[in-house]
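Each chain is listed here by its residues.
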Amino acid sequence: MTASHLVAESVWKTIESTHRVSEEQLSILHFLFGKNLERATRIVDQRGVKKISGEPSGRSIFQVVGESRRKEEYFCFPEHYCACYSFFYDIANRGEQLCCKHQLAARLAGSLGACVEVKVSDEQLALLLSEL
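Residues numbered from 1 in each chain as written. Predicted model: local features only at pLDDT ≥ 70, side-chain atom pairs only at ≥ 80, totals over all residues. Heavy atoms only, no water.

Asks: Even after reading the chapter, I still don't get the pairing of strand 1 (residues 49–55), so can you show me in this structure?
Replies: A regular strand places its side chains on the two faces of the sheet in alternate fashion. Note that strand 1 and strand 2 (residues 60–65) share 5 bridges and pair antiparallel. Opposite Val49, over in strand 2, you have Val64 as the bridge partner. Hairpin connection between strand 1 and strand 2: a loop of 4 residues separates the two successive antiparallel strands, and Gly58 in this loop has a positive phi of roughly 85°. Across 6 bridges, the pairing between strand 1 and strand 5 (residues 116–121) is parallel. Within strand 5, the position partnered with Lys51 by the bridge is Glu117. (Pairing = 2+ DSSP bridges. Helix = DSSP H or I, 4+ residues; strand = E, 2+ residues; numbered from the N terminus.)

Here it is as structure tokens:
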């Protein structure tokens, strides 16, 4: 894990434990993620993050609205994966970024409790995941 990853994780853990984000934390995250953080905050401000949770297991995945005119929605696990093009091209393939704006939006919204909560059965969640 790189130093940038470690710093980001430390900041995220603090935000997750307090459910608040300070100006200093935003500044650090902006230094690490740049324009992707700005885009992610716009998505969160527009209530563009859904947390889809299966019941009774409590397992979940996030669905994040993109910023294009088509308003595509991308499924993601904030710390590991996003179905968007940027994740595959900039992160997985070229390793140029730590994560995409959808992952940032999901992590920020999840940490602050700013997600639209959607409950589904575990069977429905499994079917959704099988289509990724």
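Structure shown, so let's carry the discussion forward.
Asks: Help me out: how do you make sense of the pairing of strand 2 in this one?
Replies: Taken together, the 4 bridges between strand 2 and strand 3 (residues 73–77) define a ladder with antiparallel strand orientation. Paired with Val64 across the strands is Tyr74, a residue of strand 3.

Asks: How should the packing of helix 1 (residues 3–18) against helix 2 (residues 23–33) be read in this particular structure?
Replies: Helix packing for two helices is described by the angle between their axes and how far apart those axes are. Two elements in contact, helix 1 and helix 2, have axes whose closest approach is 10 Å; the angle formed by their N-to-C orientations is 145°. Judged by the sense of rotation from one axis to the other, the crossing of helix 1 with helix 2 is left-handed. The segment helix 1 lies against helix 2, with Ser4, Val7, Ala8, Val11, Trp12, Thr14 and Ile15 engaging Gln25, Ile28, Leu29, Leu32 and Phe33. Partitioned by chemical class, the residues of the contact of helix 1 with helix 2 number 9 nonpolar, 3 polar and no charged. (Axes fitted to C-alpha atoms, helices over the stretch in contact; angles between N-to-C directions. Left-handed = near helix turned anticlockwise from the far one by under 90°. Contact = heavy atoms within 4.5 Å. Nonpolar A, V, L, I, M, F, W, Y, C, P; charged D, E, K, R; others polar.)

Asks: Got a minute to help me understand the sheet that holds strand 2 in this structure?
Replies: The strands making up a sheet associate through backbone hydrogen bonding, with each pair oriented either parallel or antiparallel. The strand order across the open sheet formed by 5 strands is 4-3-2-1-5, and the pairing between neighbours is mixed. Only two strands of the sheet have a single neighbouring strand rather than two, namely strand 4 (81–82) and strand 5. Contacts from helix 5 (residues 101–112) reach strand 1, strand 2, strand 3 and strand 4 within the one sheet, and its direction differs from that of strand 2 by about 120°.

Asks: Quick question: what am I supposed to make of the pattern of salt bridges here?
Replies: Side chains carrying opposite charge are able to pair once their charged atoms draw close together. If you walk through the whole model with that rule in mind, you get 7 salt bridges. Between Arg107 and Glu9 there is a salt bridge, with the nearest N and O atoms lying 2.8 Å from each other. On the criterion of sequence distance, the pair formed by Arg107 in helix 5 and Glu9 in helix 1 is long-range, its members being 98 residues apart. Arg107 sits in the buried class, given a relative accessible area of 8%. The exposure class of Glu9 is partly exposed, given its relative accessible area of 23%. Across the pair Glu79 and Arg107 runs a salt bridge whose closest N-O atoms are separated by 3.8 Å. Of this pair, Glu79 sits in the loop between strand 3 and strand 4 while Arg107 is found in helix 5, placing the two residues 28 residues apart along the sequence. Ionic contacts of the salt-bridge type, sharing partners, join the residues Glu9, Lys13, Glu16, Glu79 and Arg107 into one network. (Salt bridge = Lys/Arg side-chain N within 4 Å of Asp/Glu carboxyl O. Buried < 20%, exposed > 50% of the residue type's maximum accessible area, 1.4 Å probe, protein only.)

Taken by themselves, the reported measurements are silent on function.
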